[in-house]
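Spelled out from the first residue to the last, the chains are:
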Amino acid sequence: QVQLVESGGGLVQPGGSLRLSCAASGAIVSFKTMGWYRQAPGEQRELVARAHSGGSTDYADSVKGRFTISRDNAKNTVYLQMNSLKSEDTAVYYCHAMNLQYLNYWGRGTQVTVSS
């Protein structure tokens, strides 16, 4: 089956940058959307950024201007470039994909910690 594997998380100081990657493997035909969600301890999971098959993207207001999502359909990979990181960005970041049959897939998550 489809598997999403995140990488690139870690510890970074405020103002720093990280780049997350999510590679999809398995029986993949196509994805309608690929994106990133995050969840901090005690908080609900929230959408961070999403890239649609047509090329459009959307972002949470809290990350606009700082994060950039990109998608390489040939590699079935989605990236999240995170700049000007803040402590409130600390969370587990989950890759998400939805195929054209509206089936959802989730990665296991990668920890991002922003702290001095």
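Our subject in this report is the structure included herewith. (Residues numbered from 1 in each chain as written. Predicted model: local features only at pLDDT ≥ 70, side-chain atom pairs only at ≥ 80, totals over all residues. Heavy atoms only, no water.)

It is worth spelling out the pattern of salt bridges at this point. Where side chains of opposite charge bring their charged atoms close, a pairing between them can arise. One pass over the full model with this rule turns up five salt bridges. A salt bridge links Arg38 to Glu46, with the shortest nitrogen-to-oxygen separation between them at 2.8 Å. Note on Arg38: relative accessible area 5%, which makes it buried. Judged by its relative accessible area of 34%, Glu46 is partly exposed. Across the pair Asp61 and Lys64 runs a salt bridge whose closest N-O atoms are separated by 3.1 Å. With respect to class, Asp61 is no different from Lys64; both count as exposed. Connected through shared salt-bridge partners, Arg38, Glu46, Arg66 and Asp89 make up one network. (Salt bridge = Lys/Arg side-chain N within 4 Å of Asp/Glu carboxyl O. Buried < 20%, exposed > 50% of the residue type's maximum accessible area, 1.4 Å probe, protein only.)

Moving on to the pairing of strand 3 (residues 18–25). Where strand 1 (residues 3–7) lies against strand 3, five bridges are found, and the strand directions are antiparallel. The partner of Leu4 across the bridge, within strand 3, is Ala24. One ladder, built from six bridges, connects strand 3 with strand 8 (residues 77–82); its direction is antiparallel. Paired with Leu20 across the bridge in strand 8 is Leu80. (Pairing = 2+ DSSP bridges. Helix = DSSP H or I, 4+ residues; strand = E, 2+ residues; numbered from the N terminus.)

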